[in-house]
Amino acid sequence: MAGTAAADLKVGYVNTQRLFRDAPAAVKAAKKIEQEFSKRDQDLQRLAKQVQGLQESLEKGGLTMSEPERRAKEKDLAELSREFQRKQREFREDLNLRQNEENAAIIEKANKAIKQLADSEKYDLIVQDVVWVSPRLDITDKVIKALSESRDPAK
């Protein structure tokens, strides 16, 4: 009897990484985040070039500078380096926070689509994040398609 029940079991698999990469909401979120953070990223790149330029200036001319001048440039370099590291750390934290917010919204939408798919196609079990799965159980494309077709009036 248990063999018959197992044979009738309908199982599906959803690749979460593909959802985050290919689902329309994920693509839209990635573009939105890129736009939000592009100016800060450019500012960080400029600051990194300033640090590099000051460091190169010290390396090239450090021996010919007066002691007070060299110390002042070293102090400027240290302060600029600290500022760069602080801004870079804040940038990463803010970026990770925004990505996590967007990912949570994507997962919420995906879970609704997966539940609807499970109900409409009579799945007994749908799993995510497994070590290995047969490609014939992969229903990720169906979920992405369902997410593409669903229109969210709030967005």
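Our subject is the structure that appears above.
Residues numbered from 1 in each chain as written. Predicted model: local features only at pLDDT ≥ 70, side-chain atom pairs only at ≥ 80, totals over all residues. Heavy atoms only, no water.

Enquirer: Now, about the packing of helix 4 (residues 67–121) against helix 5 (residues 140–149): what can you tell me, with residues and values included?
Expert: Where helix 4 contacts helix 5, the axes come no closer than 9 Å and their chain directions differ by 115°. What the angle tells us is that helix 4 and helix 5 run roughly perpendicular. Remark: the crossing between helix 4 and helix 5 carries right-handed chirality. Only Lys 142, Val 143, Ala 146 and Leu 147 of helix 5 make contact with helix 4, whose side of the interface consists of Lys 109, Ala 110, Ala 113, Ile 114, Leu 117 and Glu 121. For the contact of helix 4 with helix 5, the per-class residue count stands at 7 nonpolar, no polar and 3 charged. (Axes fitted to C-alpha atoms, helices over the stretch in contact; angles between N-to-C directions. Helix = DSSP H or I, 4+ residues; strand = E, 2+ residues; numbered from the N terminus. Parallel < 35°, antiparallel > 145°, perpendicular 65-115°, else oblique. Left-handed = near helix turned anticlockwise from the far one by under 90°. Contact = heavy atoms within 4.5 Å. Nonpolar A, V, L, I, M, F, W, Y, C, P; charged D, E, K, R; others polar.)

Enquirer: Describe in detail the nonpolar core, supporting the description with residues and values.
Expert: Formed by 16 residues in total, the largest nonpolar core has its most connected members in Val 14, Leu 19, Ile 139, Val 143 and Leu 147. Residue assignment for this core shows that the elements contributing at least two residues are helix 3 (24–61), helix 4 and helix 5. Take this core: its biggest share by element is 6 residues, from helix 4. Residue contacts for Val 143: discarding those within four places in its chain leaves Val 14, Leu 19, Ala 110, Ala 113, Ile 114 and Leu 117. One finds Ile 33, Leu 77, Leu 80 and Phe 84 within the second-largest nonpolar core, a separate group that totals 11 residues. (Core = buried A, V, L, I, M, F, W, Y, C linked by side-chain atoms within 4.5 Å. Buried < 20%, exposed > 50% of the residue type's maximum accessible area, 1.4 Å probe, protein only.)

Enquirer: Outline the packing of aromatic side chains, supporting the account with residue identities and numerical values.
Expert: Following the criterion strictly, the structure yields 1 aromatic pair and no others. Aromatic side chains Phe 37 and Phe 91 sit 5.7 Å apart centroid to centroid with 80° between the ring planes, which places their arrangement in the edge-to-face category. With Phe 37 in helix 3 and Phe 91 in helix 4, this pair connects stretches of sequence that are 54 residues apart. The buried category is assigned to Phe 37, whose relative accessible area is 7%. Looking at Phe 91, the relative accessible area reads 11%, which means it is buried. (Phe/Tyr/Trp six-rings, centres within 6.5 Å; stacked < 30°, edge-to-face > 60°.)

Enquirer: Mind laying out the pattern of salt bridges, listing which residues take part and the relevant values?
Expert: In total, this model carries 20 salt bridges according to the counting rule given. In this structure, the salt-bridge partner of Glu 101 is Arg 98, at a minimum N-O distance of 2.9 Å. Taken together, the residues Glu 101 and Arg 98, both in helix 4 and 3 residues apart, mark about one turn of the helix. Classification of Glu 101 by relative accessible area gives partly exposed; the value is 41%. Taking the shortest distance from any N to any O, the salt bridge between Lys 142 and Glu 121 comes out at 2.8 Å. Separated by 21 residues along the polypeptide, Lys 142 in helix 5 and Glu 121 in helix 4 bring together distant segments of the chain. (Salt bridge = Lys/Arg side-chain N within 4 Å of Asp/Glu carboxyl O.)

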